[in-house]
Amino acid sequence: MHRNWTFGRKVGGGFAVTVAALVVIAVTGFRSASSLVDNDEWVSHTHQVRRQLADLLAELLNAETGQRGFVITAQAEFLEPYSQALGALDKTLAEVRRLTLDNPNQTRRIDDLRPVIDTRLAVMKRAIEQRRATSFEAAAATVANSEGKQLMDRVRSSIAVMDDEETSLLEVRRREAQSSTAATKLVIEGGSVAAIILTIIVGWLITRSLSSQIGSAARHIQSSSAELESAANQQASGAREQATAMAEIATTISELLATSRQIADSARRVSQIAGQTAGAARIGEVTVAKGHEATATVRRQVDVIVGHMLELGKKSQQVGSVLDIVAELAEQTNILAINATIEAAGAGDAGRRFGVVADEIRKLADRVAGSTKEIRGMVEDVRSAVNTTVMATEAGSKAVDVGTAQVIEMATAFRQIASLVGTTTDAAREIELSTKQQATAVEQVNLAITSAAGATRETEASAGQILDTASQLAELSTGLLQIVETKAT
Amino acid sequence: MFTLGELFDAGFAAAPLPPPPAHRDFLCIRIGGEPSAIPLADIASLHTGLRVVALPTRAPELLGVAAIRATVVAIYDLGAALGIPGAGAPRWTAVVRGRPAGFAFAGFEGHARIPDRSIAVATQHGHVRGQFSLDGQARAIVDLGSVLTALEHRWHSATAKDR
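Residues numbered from 1 in each chain as written. Chains lettered and ligands numbered in written order. Predicted model: local features only at pLDDT ≥ 70, side-chain atom pairs only at ≥ 80, totals over all residues. Heavy atoms only, no water.

A. Focus on the overall build of chain A. Across its full length, chain A holds 6 helices and 0 strands. Counting helices and strands in the order they occur from the N terminus, chain A gives α-α-α-α-α-α. Buried positions account for 31% of the 489 residues belonging to chain A. Taking as baseline every contact in chain A between residues at least 6 positions apart, the subset at least 24 positions apart corresponds to 87%. Looking at chain A as shown, the accessible area adds up to about 28,900 Å², and 60% of this sits on carbon and sulfur atoms. (Helix = DSSP H or I, 4+ residues; strand = E, 2+ residues; numbered from the N terminus. Buried < 20%, exposed > 50% of the residue type's maximum accessible area, 1.4 Å probe, protein only. Contact = heavy atoms within 4.5 Å. Areas by Shrake-Rupley, 256 points an atom, 1.4 Å probe, with all protein chains shown as cover.)

Right, here's the structure in full:
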């Protein structure tokens, strides 16, 4: 038997061989039994043919008996056997012919017998009618005629031939039945012995092969049980550690859940504050826009002031020009007065009054020169102040320009702040939503961790069960190995 | 505070003043930043903005000549004549009385009438005749005649050497 065959295949193969032998035996026995049954049927058939032939002869004899009785007595009740025989003869003849259809000789004989019987019946009928119509003597003469006897002899002879034929067939079939019975017996006995031997051989082969395989498997199971036991121990230890870790993870996740909720609350507050900040930024933007308009107004006013200051500077220059003229006039007057004083001094007493006038003129000129000098100083101060004012105004204008630019930048910054605050609001809302989702997810994770912890505990319990099972399996494999090795030895 | 017209009118409305005490009139000038004074009695006239025509000369003090009242007058730089450097561009010109010459100077501060008692007359020291104090500031009295004489003497000496 092939070594690589499986357990089922080997057992199946062994049973298949045994079943095949049984099938051969059964088929052979069935055929023998069928032949025996056929022979038995043919024997019965032969007995039936012989019985019908006997019935045919008996019916014919009954008809002859009834005919004779009626002829003798002329009483109608003696015709009853005759009448019954007339009714049964046709059926019996038909039955005999049906039963002998398989035998052409018998069929031909029954066909030959039919007119003889009909003739004999006709003779009987003629005697009966003679008895009825004429007298006893006529009828007795007819009965006493040898024709009837000859016909009956022929009938008996034919039936005897047919019975002999059937008897010889019965003998043949009996021998065939005996032969079939002997063959069947031989098949059953020989097949049973062969099947028993074959079954013993196959069983021995299967037992030897399976003992080897089961022994090997049992040893494998034994070693595997040891490994499984070790693995179960490790699994139990790992499950306990995992359960501890799961507990820590559950605690951490609970803390994480609380933190997520705090973050969600903070994000919601940030969102609210960002919304308030956005409102403040919009108000600031409006305020900056107003400031920008005010700055533009200041810029226009500064331009007007600068224009006025420049005009004032021009007027101051014009005043300076006039002062130059006045100063030159005063200077010339002073020179004139001095020269007049010189001339008056040169004129002696006559020029004294002229000298006085010259002095007064000179004093006036000095006064005008001094005033002119003061006015020039004032004009210079005014021009300096105008220049300073213009410069300061220009600086202020530049400062206003810078301030305007800064206001524009501030407006831009406020818009950016509003936009960024909007973005911050959206981000805070997204954070809030994400954190809520995260909290939900953490809750789910917590549930999953709890389930996992339960599964871990179940795993630990399962590991214990596996350990017990491995121990039992080891013991079972040991016992199985002992059984197999004991049987093998 | 009186207006100029009121002062002018007041000056002519007032009675004639008694003769002033003995005094002297001066032109207050600045030569190279130094406050100085020229006696008014030493000059014939005072001018400004004269057109001075330069002459080819070896005297550095001589600025040129100018026409004053139909008279050709030699114009000298007073600061250069006194040997004071950095006296500045002369604008004013004082014509020396009785002489066809004038001295130009840069700074003219005005007219001053100084009582004689306030004038400290010193012995001739160079071209300074004396000094007086005005507004707390001492002014040297420059003798233009002396300066002119010195220039003429130097001029003559140079001419004599050339000859």
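B. The packing of aromatic side chains, seen in detail. Residues and elements named next belong to chain B. Enumeration according to the criterion identifies 3 aromatic pairs over all chains in this entry. The interplanar angle of 35° and the centroid separation of 4.8 Å between the aromatic rings of Phe-26 and Phe-132 together place this pair among those described as tilted. Of the two residues, Phe-26 is situated in strand β1 (residues 23–31) and Phe-132 in strand β10 (residues 128–134); the sequence distance between them amounts to 106 residues. In this structure, Phe-26 and Phe-132 share a single accessibility class: buried. (Phe/Tyr/Trp six-rings, centres within 6.5 Å; stacked < 30°, edge-to-face > 60°.)

C. Main features of a nonpolar patch on the surface. Residue and element names in this part refer to chain A. On the surface, Phe-15, Val-19, Val-23 and Val-27 cluster together into a nonpolar patch covering about 350 Å² of accessible area. With respect to the helices and strands, the residue Val-23 is situated in helix α1 (residues 7–73). Using a relative accessible area of 42% as the deciding quantity, one classes Val-23 as partly exposed. (Patch = residues over 30% accessible without salt bridge, like charges linked within 9 Å, V, L, I, M, F, W, Y side chains within 5 Å. Salt bridge = Lys/Arg side-chain N within 4 Å of Asp/Glu carboxyl O.)

D. Fine view of the interface of chain A and chain B. With 16 residues of chain A at the interface, the matching set in chain B holds 22 residues. Taken together, the two surfaces of chain A and chain B that pack against each other cover about 1,700 Å², and 62% of this comes from carbon and sulfur. Contact with chain B buries surface across chain A, with Ile-338, Ile-342 and Leu-364 of chain A losing the most and accounting together for 28% of the total. Counting across the chain A and chain B interface gives 3 salt bridges. The partner of Asp-359 of chain A in a salt bridge is Arg-113 of chain B, and the shortest N-O contact between them spans 2.7 Å. Across the chain A-chain B interface, the total number found is 5 residue pairs in polar contact (both at pLDDT 80 or more). Contributions of two or more residues to the side of chain A that touches chain B are made by α5 (146–346) and α6 (352–488) of chain A. In terms of residues, the side of chain A that touches chain B owes the most to one element, α5 of chain A, which gives 9 residues. The residue makeup of the side of chain A that touches chain B, split by class, is 6 nonpolar, 4 polar and 6 charged. (Buried area = accessible area lost by both parts, 1.4 Å probe. Polar contact = N/O pair within 3.5 Å; in protein donor to acceptor, adjacent residues only side chain to side chain. Nonpolar A, V, L, I, M, F, W, Y, C, P; charged D, E, K, R; others polar.)

E. Structural view of the environment of Leu-473 of chain A. Residue and element names in this part refer to chain A. Within the fold, Leu-473 resides in helix α6. Taking relative accessible area as the criterion, Leu-473 reaches 30% and is therefore assigned partly exposed. Once the C-alpha coordinates of Leu-473 and Ser-224 are considered, the two residues, 249 residues apart in sequence, prove to be 9.2 Å apart. In this structure, Leu-473 is in contact with Ile-221 and Ser-225, ignoring residues within four places of it in sequence.

F. Looking closely at the packing of α1 of chain A against helix α3 (residues 104–133) of chain A. All names here are of chain A. Relative to each other, α1 and α3 sit at 15°, their axes nearing to 9 Å. With respect to α3, the axis of α1 lies roughly parallel. Both α1 and α3 take part in a crossing whose hand is left-handed. Between α1 and α3, the contacting residues are Leu-56, Leu-60, Ala-63, Glu-64, Gln-67, Phe-70, Val-71, Ile-72 and Thr-73 on the first element and Ile-110, Leu-113, Ile-117, Arg-120, Leu-121, Met-124, Ala-127, Ile-128, Arg-131 and Arg-132 on the second. Its residues assigned to classes, the contact of α1 with α3 comprises 13 nonpolar, 2 polar and 4 charged. (Axes fitted to C-alpha atoms, helices over the stretch in contact; angles between N-to-C directions. Parallel < 35°, antiparallel > 145°, perpendicular 65-115°, else oblique. Left-handed = near helix turned anticlockwise from the far one by under 90°.)

G. Examining the nonpolar core more closely. Counting 28 residues, the largest nonpolar core has Leu-27, Leu-46, Phe-103 and Phe-105 of chain B as its most contacted members. Every element with two or more residues in this core is listed here: α5 of chain A together with β1, β3 (43–48), β5 (71–77), α2 (78–82), β6 (92–96), β7 (101–105) and α3 (144–162) of chain B. Those residues in contact with Phe-103 of chain B, other than ones at most four positions away along the chain, are Tyr-76, Leu-78, Ala-81, Trp-92, Thr-93, Ala-94, Val-96, Leu-144, Val-147, Leu-148 and Leu-151 of chain B. The next biggest cluster of nonpolar side chains, apart from the first, holds 27 residues, and it includes Leu-53, Ala-85, Val-116 and Ile-159 of chain A. (Core = buried A, V, L, I, M, F, W, Y, C linked by side-chain atoms within 4.5 Å.)

H. Layout of the side chain of Ser-260 of chain A. Residue and element names in this part refer to chain A. Its place among the elements puts Ser-260 in helix α5. Of the residues examined, Ser-260 reaches a relative accessible area of 2% and is grouped as buried. Those residues in contact with Ser-260, other than ones at most four positions away along the chain, are Thr-435, Gln-438, Ala-439 and Val-442.

I. Local environment of the sheet that holds β3 of chain B. All names here are of chain B. Strand order across the open sheet formed by 5 strands is β3-β6-β7-β5-β4, with mixed pairing between neighbours. In this open sheet, the two strands that pair with only one neighbour each are β3 and β4 (62–68). The average undirected angle you get between the axes of adjacent strands in this sheet is 30°. Pairing of β3 with β6 involves 5 bridges; the strand directions are antiparallel. (Pairing = 2+ DSSP bridges.)

J. Layout of the pattern of salt bridges. Residue and element names in this part refer to chain A. Under the definition given, this model contains 31 salt bridges over all chains. Residue Arg-156 is joined to Asp-153 by a salt bridge in which the shortest nitrogen-to-oxygen separation is 3.7 Å. In this pair, Arg-156 and Asp-153 are both assigned in helix α5, 3 residues apart and thus about one turn of the helix distant. The partner of Arg-376 in a salt bridge is Asp-324, and the shortest N-O contact between them spans 2.6 Å. Of this pair, Arg-376 sits in helix α6 while Asp-324 sits in helix α5; the two residues are 52 residues apart in sequence, bridging distant segments of the chain. Exposure remark for Asp-324: the relative accessible area of 37% places this residue in the partly exposed category.

K. Geometry of unusual backbone geometry. You will see that Ala-74 of chain A, though not glycine, has its phi angle at about 65°, which is positive. With respect to the element layout, Ala-74 of chain A can be found in the loop between α1 and α2 (80–99). One non-glycine residue with positive phi stands out, namely Ala-70 of chain B, at about 65°. Note that Ala-70 of chain B resides in the loop between β4 and β5.

L. Summary view of the pairing of strand β2 (residues 34–39) of chain B. Residue and element names in this part refer to chain B. Burial of β2 is extensive: 5 of the 6 residues sit out of reach of the surface. Strand direction decides the pairing type here: β1 and β2, joined by 6 bridges, are antiparallel. Across the sheet, the residue bridging to Arg-30 is Pro-35, located in β2. Counting the residues that bridge the hairpin from β1 to β2 gives 2 residues, and of these Gly-32 lies at a positive phi of roughly 60°. The sheet contact formed by β2 and strand β11 (residues 137–142) spans 2 bridges and is parallel. Of the residues in β11, the one forming a bridge with Ser-36 is Ala-140.

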